[in-house]
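What the coordinates show
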Amino acid sequence: MKQTVNGNITGIRESVLQQIEALYEFAAGQDQLIGQDLIEQMALLTAAINREISVYIRRNGSIADVSVGNSANVSLPEMRVVRNETRLCGVRCIHTHPKGGARLSDVDIGTLKSMKLDCMASIGVQEGRATAMYAAFIGEWNEQTGYDVCMYGPLRVDRLPHAALIRELYAADERLRSSTHEVAEARPERAILVGLERQGGDSGL
């Protein structure tokens, strides 16, 4: 089945679009958040089109989706691999920022929480080179503000602490599972008692 590039691809030359589509062929090791070769190619293509590019990576390292946005945002399609709604969705999103800044935006953080992503990471790009990365994970449940966020960054893209980031991914999954269970346990049980009574006394039940 042909894998397509989603998002705003209007005006992109066919040759460049084919290179973006080829991102599906990259894979990260199960012990990596993202491969170095994929980072470098995303940076080059981001500079070529001056738009954000995002890839969704499954836990086995394969690419689930490639999307293109504009210089301000990127299209993030709804996606869930893990069907259990009390767990993370099983996919991490890593996207580029063509203006050089790598810091995650409020929209990025909101998407992390609403989609229950394994991780939301951003890569700053300047002159076709990756400058730095930030990575965020769902944190502990806060009754007043909802889920907190665990943030890593700025990180050197050539020295990513892959082991720590992958550990944080699975820790976030466990935090979500535990907090969802605790919220469910805290909900009071409700029951409605219904009785039938005939005129003249005994209901006969």
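Sequence order as written defines residue numbering, which begins from 1 separately in each chain. Owing to the predicted nature of the model, reporting of local features is limited to residues with pLDDT of at least 70; listing and counting of side-chain atom pairs is limited to 80 or more, with chain, interface and lining totals taken over all residues. In computing side-chain values, all of the structure's heavy atoms are included and hydrogens and water are not.

Details of the overall build of the protein chain
Think of it this way: any DSSP run of H or I at least four residues long counts as a helix, any run of E at least two long counts as a strand, and we number them from the N terminus. Counting its secondary structure elements, the protein chain contains four helices and seven strands. Across the protein chain, helices and strands are ordered from the amino to the carboxyl terminus as β-α-α-β-β-β-α-β-β-β-α. Each residue is placed in one exposure class: buried if its accessible area under a 1.4 Å probe, protein chains only, is under 20% of its type's maximum, exposed if it is over 50%, and partly exposed if it falls in between. Every one of the 205 residues in the protein chain was classed for burial, and the buried ones make up 43%. Partitioning the intrachain contacts of the protein chain with sequence separation of at least 6 by distance along the chain shows that 57% fall at a separation of at least 24. Surface summary for the protein chain: the accessible area is close to 11600 Å², and the carbon and sulfur share equals 47%. Should any heavy atoms of two residues lie within 4.5 Å, those residues are counted as being in contact. Using a 1.4 Å probe, accessible areas were evaluated by the Shrake-Rupley method; residue-level cover was limited to the displayed protein chains.

Topic: the nonpolar core
Think of a nonpolar core as a cluster: buried Ala, Val, Leu, Ile, Met, Phe, Trp, Tyr and Cys residues, connected wherever their side-chain atoms sit within 4.5 Å. By size, the foremost hydrophobic cluster in this structure holds 52 residues, and its most contacted members are Ile20 and Met133. Of all the elements, strand E6 (residues 129-142) adds the most residues to this core, at seven residues.

Concerning the packing of helix H1 (residues 14-21) against helix H2 (residues 36-49)
For any two helices packed against each other, one specifies the crossing angle of their axes together with the interaxial distance. Simply put, an axis is a line fit to the C-alpha atoms, just over the touching stretch for a helix, and the angle between two N-to-C directions goes from 0 to 180 degrees. Across the interface, H1 lies against H2 with an axial gap of 10 Å and an inter-helix angle of 155°. What the angle tells us is that H1 and H2 run roughly antiparallel. You can see that H1 and H2 cross each other, and the crossing is left-handed. Two secondary-structure elements touch here, H1 through Val16, Gln19 and Ile20 and H2 through Gln41, Leu45 and Ile49. Residue composition of the contact of H1 with H2, by class: four nonpolar, two polar and no charged. Orientation categories follow fixed angle ranges, with anything under 35 degrees roughly parallel, anything over 145 roughly antiparallel, 65 to 115 roughly perpendicular, and all other angles oblique. For any pair of crossing helices, the crossing counts as left-handed if the nearer helix is rotated counterclockwise from the farther one by less than a right angle, and right-handed if it is rotated clockwise. Only Asp, Glu, Lys and Arg are considered charged, only Ala, Val, Leu, Ile, Met, Phe, Trp, Tyr, Cys and Pro nonpolar, and every remaining residue, Gly among them, polar.

Things to note about the packing of aromatic side chains
Geometry of aromatic contacts follows a simple scheme: Phe, Tyr and Trp rings, the Trp one being its six-membered ring, pair when their centres are within 6.5 Å, and the pair is stacked under 30 degrees between planes, edge-to-face over 60, tilted otherwise. In the structure shown here, the tally under the stated rule is two aromatic pairs. Aromatic side chains phenylalanine 137 and tyrosine 152 sit 5.9 Å apart centroid to centroid with 80° between the ring planes, which places their arrangement in the edge-to-face category. Placement of phenylalanine 137 in strand E6 and of tyrosine 152 in strand E7 (residues 146-155) is noted, with a sequence separation of 15 residues between them. Note on phenylalanine 137: relative accessible area 0%, which makes it buried.

With respect to the environment of glycine 153
Looking at the secondary structure, you find glycine 153 in strand E7. Taking the C-alpha atoms as reference, glycine 153 lies 9.6 Å from leucine 104; in sequence the two are 49 residues apart. Beyond its immediate chain neighbours, meaning those up to four positions away, glycine 153 contacts Met133 and Tyr134.

Re the pattern of salt bridges
The salt bridge criterion pairs a side-chain nitrogen of Lys or Arg with a carboxyl oxygen of Asp or Glu, the two atoms within 4 Å. Across all of its chains, the model carries six salt bridges by this definition. Of the charged contacts, one joins arginine 156 and aspartate 158 as a salt bridge, the two residues approaching to 2.9 Å between their closest N and O atoms. Because the salt bridges share partners, they merge into one network encompassing Arg59, Arg87, Asp118 and Asp173.

Quick look at unusual backbone geometry
Along the chain, glycine 153 connects to proline 154 via a cis peptide bond; the corresponding omega equals 0°. Following the sequence through the fold, proline 154 ends up in strand E7. With phi around 55°, asparagine 50 is a residue other than glycine that occupies positive phi space. Relative to the helices and strands, asparagine 50 resides in the loop between H2 and strand E2 (53-58). The class of asparagine 50 is partly exposed, set by a relative accessible area of 39%.

A short note on the side chain of aspartate 118
Structurally, aspartate 118 can be placed in the loop between helix H3 (106-115) and strand E5 (120-126). The exposure class assigned to aspartate 118 is buried, which follows from its relative accessible area of 0%. A distance of 2.6 Å separates a polar atom in the side chain of aspartate 118 from a polar atom in the side chain of arginine 59. Leave out the neighbours within four places in its chain, and aspartate 118 touches Arg59, Leu88, Cys89, Gly90, Val91, Arg92, Phe137 and Leu169. Under this definition, polar contacts are N or O atom pairs within 3.5 Å; protein pairs additionally need one hydrogen-donor-capable and one acceptor-capable atom, and for neighbouring residues in sequence, both atoms have to be side-chain atoms.

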